[in-house]
Amino acid sequence: GKGPSKPLGGIRVLDMGTVIAGAHAGGVLANLGADVFKIEPVEGDPFRSDGGPFLVCNRGKRALGIDLKAPGAKEMFLDLVRQADVILDNYRFGVRARLGIDYEVLKAVNPRIISCSINAYGDKGPRAPLPGFDPLLQAEGGMMAAQGGAPEPVLHTIAVNDVATAGIVAFGIIAALNARNRTGEGQEVVTSLLAQSLTYQIGEITTYAGRPANDVGDTDCLGVRALHRYYQCRDGWLAMVVESEAHAAELIDLLGLNTAPDLALKADRDGEVAQAIEAALALRDRDEVLGEMLARGLAVAPCLRGYEAFDYDWLWENGFFEVWNHPRLGEVVSVRSFADFSRTPGGFGYPVPEAGEHSRSVRAEFGLGQDRIDGLIASGAVFEPAASQAHLRDGGAALFTQ
């Protein structure tokens, strides 16, 4: 979708982001109504597949295939930059400079451009050029050890640092657009996966003399306290977070526990109180006992597998999902939007593009001549989907930060 009817309507983004951290940042901007052009080399995004993460990180974009190393390609790319508002990438630190498209080059052709780069470990020191992957950042950022507790580190299978970075990048770009409205000038925005790994543990890694200890994880972590953990019922699991004496008293009454509310709140996750709750809930059907708990004002929820979420009517009632059509895969169900706007609704304007799908059709929007595009396609500097398929089968390039 185009036009000012969306929150970021009229903003043009050249999206060189890949995998999750870079690609999802562009996807968030597309969902908010920006016109996002996914720019890929002939090898394609190394994450390109029909998997769910690729689809949802790249929905709403159009795709241009450009080999920046080929004659004439960089000149065409800079012509796009002259007419764009934002460029984002997660190339490894130093790659943009080697390609001749670092911020100083972009600024020279368009002083209003906002250039956002994601590195793995920052942009200073000997580690800056190293590739980064979410599990490595989970390890070095402390998440794995904190979640695993004393026995061993535990991996979060959701790429938490990548997704967090994408959100921060979209936020940073929108803030830079706001600053440009005031000053008339663009700027460079830089962040890293490690910055997000620390930011998302911001409470845990704040310290001072006498600070209370963090909650400790475990390799099979059901919770941090007896009233703040998961429990197995006869036909599934539920989660509870009970934090007041009044609610603890309700739980004690409901389950017939032999303890006082203040003691129950302090009880550890594996002690007598937890064992008594386990015994009581093991005999109950999950949804029935959830209903009784909710009626008493307790904060509880079912533990769902991702696919089970589609069966919960209230998620559909609140518009969390939408059904859309992928040109090759058919009907797809995914998350609808990242925020609701009363006057300028967001939403995706396009399905997921194939690599280079819009290389020719987007020519007119940027005022590029037909003969010029034909020549660049003939030389291989610009490519369309058929030209990229053989390269995609051979795997992608190792240029990128995840």
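Residues numbered from 1 in each chain as written. Predicted model: local features only at pLDDT ≥ 70, side-chain atom pairs only at ≥ 80, totals over all residues. Heavy atoms only, no water.

### As for the pattern of salt bridges
Counted under the stated rule, the structure contains 27 salt bridges. We note a salt bridge from aspartate 15 to lysine 61, for which the minimum N-O separation is 2.6 Å. Separated by 46 residues along the polypeptide, aspartate 15 in strand β1 (residues 12-16) and lysine 61 in the loop between α2 (52-58) and β3 (62-66) bring together distant segments of the chain. Exposure remark for lysine 61: the relative accessible area of 0% places this residue in the buried category. The salt bridge involving glutamate 278 is made with arginine 229; its shortest N-O contact spans 3.0 Å. (Salt bridge = Lys/Arg side-chain N within 4 Å of Asp/Glu carboxyl O. Helix = DSSP H or I, 4+ residues; strand = E, 2+ residues; numbered from the N terminus. Buried < 20%, exposed > 50% of the residue type's maximum accessible area, 1.4 Å probe, protein only.)

### Things to note about a nonpolar patch on the surface
Among the surface-exposed residues, Tyr307, Phe310, Trp316, Val323 and Val333 lie close enough to one another that they form a single nonpolar patch of about 470 Å² accessible area. Tracing the chain through its elements places phenylalanine 310 in the loop between β10 (300-302) and α14 (313-317). Since its relative accessible area comes to 35%, phenylalanine 310 is described here as partly exposed. (Patch = residues over 30% accessible without salt bridge, like charges linked within 9 Å, V, L, I, M, F, W, Y side chains within 5 Å. Areas by Shrake-Rupley, 256 points an atom, 1.4 Å probe, with all protein chains shown as cover.)

### Quick look at the sheet that holds β1
Read across the open sheet, the 7 strands follow the order β6-β5-β4-β1-β2-β3-β13; overall the sheet is mixed. Looking at strand neighbours, the two that pair on one side only are β6 (188-192) and β13 (382-383), the edges of this open sheet. When strand β4 (residues 86-89) meets strand β5 (residues 114-119), the two strands line up parallel, connected through 4 bridges. The residue bridging leucine 88 from the neighbouring strand is cysteine 116, located in β5. Where helix α8 (residues 160-183) meets the sheet, it contacts β4, β5 and β6, and its direction lies at approximately 160° from that of β5. (Pairing = 2+ DSSP bridges. Contact = heavy atoms within 4.5 Å. Axes fitted to C-alpha atoms, helices over the stretch in contact; angles between N-to-C directions.)

### As for the packing of aromatic side chains
Under the criterion given, the structure shown has 5 aromatic pairs. A ring pair is formed by tryptophan 314 and phenylalanine 320, whose centres lie 6.4 Å apart and whose planes are at 85°; its orientation type is edge-to-face. Using a relative accessible area of 48% as the deciding quantity, one classes tryptophan 314 as partly exposed. Measuring from centroid to centroid gives 6.3 Å for phenylalanine 338 and phenylalanine 348, while their planes differ by 90°, and the two rings are edge-to-face. Taken together, the positions of phenylalanine 338 in the loop between β12 (330-335) and α15 (370-379) and phenylalanine 348 in the loop between β12 and α15 put the pair 10 residues apart, joining distant regions of the chain. Each residue in the set Phe310, Trp316 and Phe321 is aromatic and connected to the rest through ring pairs, giving one cluster. Stacked on the ring of phenylalanine 366, the Lys or Arg arginine 12 has its end atom at 4.3 Å from the ring centre. Taking the ring centre of tyrosine 121 as reference, the NZ or CZ of arginine 127 above it sits at 4.3 Å. (Phe/Tyr/Trp six-rings, centres within 6.5 Å; stacked < 30°, edge-to-face > 60°. Lys NZ or Arg CZ within 6 Å of the ring centre and 35° of its normal.)

### A short note on the environment of arginine 305
Examined against the element boundaries, arginine 305 turns out to sit in the loop between β10 and α14. Each C-alpha atom of the pair arginine 305 and methionine 144 lies 22 Å from the other, and the pair is 161 residues apart in sequence.

### So, the pairing of β1
Buried residues dominate β1, accounting for 5 of its 5 residues. What you see with β1 is no split at all: Arg12, Leu14 and Met16 on one side and Val13 and Asp15 on the other are buried throughout. Two strands pair when backbone bridges link them, and β1 and strand β2 (residues 35-40) are joined in this way by 4 bridges, in the parallel orientation. Residue pairing in the sheet places valine 13 in a bridge with valine 36 of β2. In this view, the connection linking β1 to its parallel neighbour β2 by way of helix α1 (residues 21-31) has right-handed handedness. Across 4 bridges, the pairing between β1 and β4 is parallel. Directly across from valine 13, in β4, lies its bridge partner valine 86. (Right-handed = clockwise from strand over helix to strand, strands pointing away.)

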